[in-house]
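As a plain string of letters, each chain reads:
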Amino acid sequence: QAAWLAVDVVQCGYCQSGQIMSAMALLARNAKPSDAEIDAAMTGNLCRCAIYTRIRAAIKQAAGLPANDKSEA
């Protein structure tokens, strides 16, 4: 949640509970996910505000990864 606030992810709030739950489940099974792994884990969550890049940045921040990391490891 701290990363979500720091990156200013929330706009309308419609999808946020599902987004955060999916992000936490991802980080629980993979502490350092790649962009592709983040995208795959978050695929089922639709955001009406289309803030997917901020969602990915918040997940990376929570994982301690640089926001511009493009690794596929």
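Just above, that's the structure.
So, here's what we can say about the structure. Each chain has its residues counted from 1, running along the sequence as written. Side-chain atom pairs in this predicted model are given and counted only at pLDDT of 80 or more, local residue features only at pLDDT of at least 70, and totals for whole chains, interfaces and linings cover all residues. The side-chain numbers reported here are obtained from all heavy atoms of the structure, hydrogens and water having been left aside.

**Thoughts on the overall build of the protein**
So, step 1. Per the convention used, a helix needs a DSSP run of H or I reaching at least four residues, while a strand needs a run of E reaching at least two, with both numbered from the N terminus. Helices and strands together make up the secondary structure of the protein, namely 4 helices and 0 strands.
So, step 2. The order of helices and strands in the protein, counted from the N terminus, is α-α-α-α.
So, step 3. Sorting the 73 residues of the protein into buried and exposed places 36% on the buried side.
So, step 4. Contact criterion: two residues are considered in contact whenever any of their non-hydrogen atoms come within 4.5 Å of each other. Considering only contacts within the protein whose residues lie at least 6 apart along the sequence, 60% involve residues at least 24 apart. Burial here depends on accessible area, computed with a 1.4 Å probe over protein chains only, as a share of the maximum for the residue type. Under 20% is buried, over 50% is exposed, and the range in between is partly exposed.

**Considering the pattern of salt bridges**
So, step 1. For salt bridges, the criterion is a side-chain nitrogen of Lys or Arg within 4 Å of an Asp or Glu carboxyl oxygen. On inspection of all chains with the given rule, the structure shows 2 salt bridges.
So, step 2. Across the pair Asp35 and Lys60 runs a salt bridge, and its minimum N-O distance is 2.6 Å. Of the two residues, Asp35 is situated in helix α3 (residues 35-42) and Lys60 in helix α4 (residues 52-63); the sequence distance between them amounts to 25 residues.
So, step 3. Classification of Asp35 by relative accessible area gives buried; the value is 6%.
So, step 4. Close ionic contact of Asp39 with Arg56 constitutes a salt bridge, the shortest N to O distance being 2.8 Å. Here Arg56 lies in helix α4 and Asp39 lies in helix α3, a separation of 17 residues in the sequence.

**Quick notes on the packing of aromatic side chains**
So, step 1. Classification of ring pairs rests on two measures: the distance between centres of Phe, Tyr or Trp rings, Trp counted by its six-membered ring, which must be within 6.5 Å, and the angle between planes, read as stacked under 30 degrees, edge-to-face over 60 and tilted in between. A full pass over the atoms with the stated rule returns 0 aromatic pairs.
So, step 2. The residue whose ring lies beneath Arg48 is Tyr14, and the NZ or CZ to ring-centre distance is 4.4 Å. A ring has a charge above it when a Lys NZ or an Arg CZ is no more than 6 Å from the ring centre and no more than 35 degrees off the ring normal.

**Let's talk about the environment of Ala50**
So, step 1. Inspection of the secondary structure puts Ala50 in the loop between α3 and α4.
So, step 2. Spatially, the C-alpha atoms of Ala50 and Gln11 are 9.6 Å apart, while their sequence positions differ by 39 residues.

**What to know about the side chain of Asn45**
So, step 1. Along the chain, Asn45 falls in the loop between α3 and α4.
So, step 2. A residue is classified by how much of its surface remains accessible, and Asn45, at 14% relative accessible area, is buried.
So, step 3. N or O atoms closer than or at 3.5 Å make up a polar contact, with two conditions inside protein: a donor-capable atom paired with an acceptor-capable one, and, for residues adjacent in sequence, both atoms drawn from side chains. Here the side chain of Asn45 touches Ser22 through a polar contact of 2.9 Å, side chain to side chain.
So, step 4. In this view, Asn45 contacts Gly18, Gln19, Ser22 and Tyr52; residues no more than four positions away in its chain are not counted.

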